[in-house]
Each structure stands twice: as C-alpha cells, then as structure tokens.
Amino acid sequence: MKRFSLFQALPDFFQNRRLTWLAIWVTIMAACGTVLAFMANWLVGIIWVAIIACALVFVFNTLKIIGSNTQKYIASLSYRVNRGEQEALIQMPLGVILYNDKDEINWVNPYLQSLSAKSLIDQKINQVSPDLMNIIEQAQMRVDTEKATFKEHLDWLDHQFEVEVQPELQALYLRDVTEELRVQERFEDNQLFIGVVSLDNYDEISERLSDTESSVLHTHVTTTLSDWMDERHIYVRRSASDKYMLIGYMSGLRQAEKDKFKVLNTIRESTSSQNMPITLSIGIAYQIENIAEMATSAQKQLDLALGRGGDQVVVKAPGQDARFYGGTTNPMAKRTRVRARVISQALTELMSAADQVFVMGHARDDMDSMGAALGVRRLAKMVNKPAWVVVDPDVKRHTDMRLLLNEMHEDAQTADATMTPSEVLNAATEQSLLILVDHSKESITESRSVYAALKDRLIVIDHHRRGEEFPEQALLVYIESYASSTSELVTELFEYQSRKRRGLSRIEATALLSGIQLDTKSFTIRAGTRTFDAASYLRSVGADGKLIQNFMKDSVEDYRQRAALVAQAQILGDDAVVIADDQTIYDSVSVAQAADSLLQIIGIERSFVVARRDATTVGISARSDGRKNVQTIMEQLGGGGHLSFAATQLNDVSTNEAGQELYEVLKKDQADAEMED
C-alpha cells in the first residue's frame, strides 16, 4: 500500500512506466558520460556535469508540460464525450421511454415529449397507446423464450416509429422512420405497371352493326375507358380494334384497385342499355425489372382473365397471388362455332400423333366428369388410337357413379374403357397423351402420379373458370366458361368428326347427356341454345332417358345424408350455411345436392355446405342462383369453380374451423359490397 502511495506521489509523467524507464535510461547514460568526462579531464567533467544538469532540467520540465497538457486534453475530451452523450440522449430524434413494473411512464426524453401535446410522465402506457402496450407484451414473451431484443413498427403521435424494447431494462427506444417510409412510399408509387385490355366480344357485337353504329360503339368504349384511366393518371393506347395497352404508376393502380375497377361495370351497363353489351378483360403485371417480361406477364394475366370467362381484371406480381376483380356476371356464349371446329381438328391431330390416350377426370368424379371422359375416349377410338379412362378403384363413389360403372362393364363397347392409375403408369410411354376433363388443377385430379408422369403431354378440356393453378405447358387448352358443362363441349366436338367412323355408344351418349342434365339442373340454369343442340344430338345417337333417371336416383343412405344436411341450415340474410357434424363423413355428391336443395328456399341467393369428406379433409360446396358470385368466395379459401357453383377443400381443420373461415370471407365480401354501394 505504501509502495502504491509512493507511486501515486510521483510526477504525472513518471506514472507512465515507459517514460519512467526512458528517464532512468537517460540518467544512467548521463552518469556514465560524467564519469568518462572526469576521467579524461576534471575541467571537461565539470563542463559536462553543467551541460547534463541543464539538459535534465529541460527534459524534465518538457515531460512535465507534456503530461499536464495530455491530462487536460483527456479531461476535456471525456467531458465533451459525456456531454455529447447526454445531449444526444436528450435532443436527438430518438424517442426514449423508461417505465416501471406498473407499466407507468417514469421518464421520456424531450424529443418524444415534444411530439405530444400533453405530458407523458406518470401516464399508463396502455392509456397513451394500446398498440405500444401490445408491443411490450409481445416483446416480453419473445425475450422469455429467445432472450433477444424485440423490434416492431408503431403508428403513434402522427409519426411512424420503429420500436425496440429492452424488457430487462424496462426501456423503449422509438426511432422515427416517418420520412424513410415516405421516401419508400414515393418510390413504390412511382414504380411502373403494364396492362393489356381486351374487348371480350367486340367482334361478335360489331358484326351485326352498321359502320356508323360500330364507330359510335367503339368511340363510346374508348372514351369511357380513357376518361376513367386519366383520372388515375394511367396512359391508354389502342393497339388494335379490340385491344388497348395501359402504362401507369403503382399509385394509379392502387386507386383503380380501391374502387374494384368500376370501369368494368360502367362499360357493361352503358353498352347493355344500348343493346350492344360489351365487356372488358384486363391483365396487369408489375414489379418486374425487364419491361419486355412485364409486358409478357401482363398478356398472361389477360389470358387468365379470358380463361375465367372474361369481364374481369387479373393483377399479379412475381411471387404473389393474383388478385381478381369483376367476374360477377355469367360469360356470354360466342355465336360462332369456329373455335369448336378448330379445337376438334387440333385434338384429332394430337391424338393421331400419340401411341395411346389416357383420359382423366377430377377426384370424386361426377356424371359430367365421367361423361366427358367417355366422350373423349370415343374421339380417340374414332382415330384408331387405344384409349382408356383413368379410374381409381380404391375411391368410394356416389350411387350414380357406381351404377354408371356397372352399366359400362356390362356393355361390350365400354367393358374395357377404364384403367387403374398403376396400370397407366406401367403402360405409359413418352408418346402417350393425357387429357384432363372437367378440371385443370393437379390438386384435384383423379391421380397425381399419372398427372406427374404425363404432364409434358397434356390437354385440358374444361368449362370451369381458369385459376392460378394451371398446367404450365399444356399442348392444347379448351376452356369455355360459358358452356353449361364439359359434356356439352365434348359433344360439340363430335359434329366435326368423320361420319364414316363409329360414333358414340348408348352408354357413352347417356353418360354425356347425364352430365349436361346434372350441371344444368335438368336444363333450368346455365342452359343456352348450344346446350339444347348438344342434348338433341345425344338423343339422336341413342342416349337413354330411362337410364338417366336410374342414374339420378339416390340410395336411402344418400337421401338421408342430404336431408340431414339441409336440416342443419342456418339462414344469414340471403345466404344459407350448413356446418355439419365433424365426426360424420359425408359423400361429396350428397353435399353438393344439399347445397342445390337450399337454393329452393325462398329468399336464398347463395348456399354453402361445410362437411367432412374424409379423416383429414373438409369440403365446402357453394351454390348461387346467378345473382351473386360464389367462385370468388371459394377462391379466397383455395378453391374455385364457376360463378354459380364452386367448391374448395381444406386439410387438417375441423368443420367448425372451416366454417369460421367461411364466415370471415362472407363478412369481408359483404363489407366490400356495401362499400361499392
């Protein structure tokens, strides 16, 4: 201790050990020099001692001054650093809050207090900002499990903050990011998008108009579209008589999405009042750096809109789900049969080039799916190609499908019409062709393994509106959402086949007519003139009406299931909703029939039936009388379909959980409808 006190008593510069050793070394050298000087001559020694004494005094004084100046500099710097820290904490644009165990604010720095009109001290955090209290609670839970700081965004005091919480110190740090977010928002607002507009049925409408009327119609549509886009600062340029290109900023696109692209309704209603109903389809793409790729993507979105029936807008960015607007009306049938003839010829050519053809409907198939599959198989047989319908024998089927399969096995022309998925995988080659009917989604196909094996040689024939899940490289796509059923589309293809080849058998024609009758509810909904033409053709080639009646009969079990579901209906305004018991497994056809039955109730415009399909799957069948769209409702739950009939399947949920998800979507749909009104 005494040694330490002695060390402290030394001059400041001697407290530095390096300087001390330097001084000792200089002293030793001076002493040695003095001895040598006296040994040479006493007068030289005296002079040397005098010089050394003066030098030592000068050196020691200089070191003392340096040490003193250094200490003063360090003290001044320390003071400035401490003062800077205090001023930064108090004045810098960073909010600081200290709180206690009672969640009361003990202290805030002046910057944060300056943003509030009233004092924040001693206030409960939950009172000044419930969101801030919620962030603290989340941070406490996170730190308890992860032992880390917690950051979250907060909108408070007309500013945007990034909040960092340190629960162990009971401190909050609020970094003001308002300006950063404004810059980011301006950047995002100024991003470009590209859109392509198509007048869905302009050619069909203009054919029956005079040149003057056609010009007036075109001018009206162009003016209406341009005026609506100009209000949102979107540039419109006509590229063809029925095509337009859109270029604009994201701020304008957000405005357009906010009002649900009302221009669709405006043009449809204004032209319909003049007996010249025109509908628009729009595809929009954004967030793509390459402008050419963005334009290509916009065209793909337009194709998707047209594939879903037109009269709608599809907006999509890479890596995001597409957003759909419109599509609330039934698509109108085309007057011309040119497309059906072209498709029939193209289908014949592709079948002729294949070594064998496999036809596959959707899982839990119905009369429309099986009827269309049998019809396509017969088309392949007419070009002398071996063909089979893919049927999984392990799947439990509804009564009508079991009756149909029994009839097929008893008829010589259809006895060998089916093949199991395992047999298809063994027989398929690189030249084999797979045709999907009545669906276009891998997730609902009869056999995913068969789909995966033949996805590079694929054809789609469907009447449902096209969704995002779609084959990437289909050889041929025939989707007509105006058609009543896929059976109707397939029946039309026979009109362009050679009469010299053997056509439909009695069972095949009956199955096709059953499919049409099923999807049109005995020709009461979605049945157009071409529907009756197809039905007439099928009757002329041997469709058996009595056999159809037998197919449409229900077993006692199916009838009881349907009645039990209808009895559980809850009426919510003009919607009827059934949430079945989670412990009971219902047949998919019974569920669909229950949804159809609910539409017979006066005042019901839509019906939804939620029921368990198997141990892991809950299905929802939706029906509409045509005044409201159920397809968009089901799409929000991962499904799809048509304006007036749609469905979806949810995995690993109970019927009550699925019903709650449905209720949330219905509430949102109702809120959007009220906003539009």
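Residues numbered from 1 in each chain as written. Predicted model: local features only at pLDDT ≥ 70, side-chain atom pairs only at ≥ 80, totals over all residues. Heavy atoms only, no water.

Q: Could you clarify how one ought to interpret the overall build of the protein chain in this entry?
A: Regarding its fold elements, the protein chain presents 25 helices and 23 strands. Here the protein chain has a C-alpha radius of gyration of 41 Å; the compact-globule value for 677 residues is 26 Å, and the former is much larger. Expressed as lengths along the three principal axes of its C-alpha atoms, the size of the protein chain is roughly 145 × 60 × 55 Å. Classification of the 677 residues of the protein chain by burial places 46% in the buried group. Within the protein chain, counting contacts between residues at least 6 apart in sequence, those at least 24 apart form 64% of the total. Approximately 34,700 Å² of the protein chain is accessible, and the part contributed by carbon and sulfur atoms is 53%. If the 71 positive side-chain charges of the protein chain are averaged to one point and the 93 negative ones to another, these points end up 3 Å apart. (Helix = DSSP H or I, 4+ residues; strand = E, 2+ residues; numbered from the N terminus. Rg over C-alpha atoms; globule rule 2.2 N^0.38 Å. Buried < 20%, exposed > 50% of the residue type's maximum accessible area, 1.4 Å probe, protein only. Contact = heavy atoms within 4.5 Å. Areas by Shrake-Rupley, 256 points an atom, 1.4 Å probe, with all protein chains shown as cover. Lys, Arg positive; Asp, Glu negative; His and termini not counted. Charge placed at Lys NZ, Arg CZ, Asp CG, Glu CD.)

Q: It is not clear to me how a nonpolar patch on the surface should be interpreted in this structure. Could you clarify?
A: Residues Phe38, Trp42, Leu43, Ile46, Ile47, Trp48, Val49 and Ile51 make up a contiguous nonpolar surface patch of roughly 770 Å² in combined accessible area. For Leu43, the position within the fold is in helix α3 (residues 42-91). (Patch = residues over 30% accessible without salt bridge, like charges linked within 9 Å, V, L, I, M, F, W, Y side chains within 5 Å. Salt bridge = Lys/Arg side-chain N within 4 Å of Asp/Glu carboxyl O.)

Q: Can you help me understand helix α21 (residues 545-552) in this one?
A: Residues spaced three or four apart along an α-helix face the same direction, because each turn holds 3.6 residues. Among the residues making up α21, those that are buried are Leu547, Ile548 and Phe551. End-on, the buried residues of α21 take up no more than an arc of 105°, which puts them together on one face. Summarising the geometry of α21, the exposed residues directed more than 90 degrees from the buried face are Lys546 and Gln549. For α21, the secondary structure elements touched by its buried residues are α14 (367-382), α15 (399-410) and α19 (506-519). Regarding α21, its N-cap is Asp544, as a side-chain oxygen of that residue lies 3.0 Å from the backbone nitrogen of Lys546 further along. (Arc of directions from axis to C-beta. Polar contact = N/O pair within 3.5 Å; in protein donor to acceptor, adjacent residues only side chain to side chain.)

Q: What exactly am I supposed to notice about the packing of aromatic side chains here?
A: All told, the structure shown has 4 aromatic pairs when counted by the stated rule. Residues Phe261 and Tyr325 carry aromatic rings whose centres are separated by 5.5 Å and whose planes lie at 50° to one another, so their mutual orientation is tilted. Placement of the pair is Phe261 in the loop between α10 (250-258) and α11 (263-272) and Tyr325 in strand β11 (residues 323-326), with a sequence separation of 64 residues. A residue is classified by how much of its surface remains accessible, and Phe261, at 2% relative accessible area, is buried. Tyr325 gets classed as buried once you look at its relative accessible area, which sits at 11%. Cluster of aromatic residues (ring-pair linked, three or more members): Trp228, Phe261 and Tyr325. The ring of Trp228 carries the charged tip of Arg232 above its face, separated from the ring centre by 4.0 Å. (Phe/Tyr/Trp six-rings, centres within 6.5 Å; stacked < 30°, edge-to-face > 60°. Lys NZ or Arg CZ within 6 Å of the ring centre and 35° of its normal.)

Q: What is the right way to look at the state of the cysteines in this model?
A: Note on terminology: disulfide describes a covalent bond linking the sulfur atoms of two cysteines. Under the defined criterion, the tally for this structure stands at 0 disulfides. Of the cysteine sulfurs around Cys32, a residue in no disulfide, the closest is that of Cys54, at 20 Å. Cys32 gets classed as partly exposed once you look at its relative accessible area, which sits at 42%. (Disulfide = S-S within 2.5 Å.)

Q: Explain the sheet that holds strand β7 (residues 235-240) to me, please; I cannot follow it from the model alone.
A: Each strand in a sheet pairs with its neighbour through backbone hydrogen bonds, running either in the same direction (parallel) or in the opposite one (antiparallel). An order of β7-β8-β6-β9-β10-β11 is seen for the 6 strands of this open sheet, with the pairing classed as mixed. Either end of the sheet is taken by a strand with one partner, and the two such strands are β7 and β11. With direction set aside, neighbouring strand axes in the sheet form an average angle of 20°. As defined by bridge partners, strand β9 (residues 280-286) adjoins strand β10 (residues 312-316) across 4 bridges and the pair is classed as parallel. Residue pairing for β10: Gly283 is matched across the bridge by Val314. On top of the sheet, helix α9 (residues 211-230) reaches β6 (192-199), β7, β8 (243-249) and β9; it is set at about 10° to β8, its chief contact. Sheet strands touched by α10: β6, β8, β9, β10 and β11. Its angle to β8, the strand with the most contacts, is close to 115°. (Pairing = 2+ DSSP bridges. Axes fitted to C-alpha atoms, helices over the stretch in contact; angles between N-to-C directions.)

Q: What exactly am I supposed to notice about the confidence of the model for the protein chain here?
A: As a general rule, the predicted coordinates of low-pLDDT regions are not to be interpreted in detail. Chain-level pLDDT for the protein chain is 86 on average; 91% of the residues reach the 70-or-more range. When mean pLDDT is taken per element in the protein chain, strand β12 (residues 357-360) scores highest with 97 and helix α1 (residues 2-9) scores lowest with 45. Taken together, the stretch residues 1-10 has pLDDT below 50 and engages in 4 contacts with residues farther than four places along the chain or on a different chain. (pLDDT = per-residue confidence, 0-100.)

Q: Before we go on, may I ask you to explain the side chain of Thr510 in this structure?
A: Within the fold, Thr510 resides in helix α19. The exposure class assigned to Thr510 is buried, which follows from its relative accessible area of 0%. Beyond its immediate sequence surroundings of up to four residues, Thr510 is in contact with Gly542, Ala543, Asp544, Leu547, Ile548 and Phe551.

Q: In this structure, what is going on with the sheet that holds strand β16 (residues 458-462)? I would like to understand it.
A: Pairing is parallel across the open sheet formed by 6 strands, whose spatial order is β14-β13-β12-β15-β16-β17. Single-partner strands in this sheet number two, and they are β14 (418-419) and β17 (476-479). Looking at chain direction, β12 and strand β13 (residues 387-390) are connected through 3 bridges and run parallel. Looking across to β13, one finds that Val359 is bridged to Val389.

Q: Teacher, can you tell me more about the nonpolar core here?
A: A general tendency of soluble globular proteins is for nonpolar side chains to be buried together. Core analysis: the largest hydrophobic core is formed by 53 residues, its most contacted members being Leu347, Met351, Leu404, Ile435, Ile461 and Leu538. Of the residues forming this core, the biggest block, 9 residues, is contributed by α14. When near neighbours in sequence (up to four residues on either side) are disregarded, Ile435 contacts Leu347, Met351, Val357, Phe358, Val359, Met360, Val376, Ile459 and Ile461. Leu199, Tyr202, Ile267 and Ile282 belong to the second largest nonpolar core, which has 32 residues in total. (Core = buried A, V, L, I, M, F, W, Y, C linked by side-chain atoms within 4.5 Å.)

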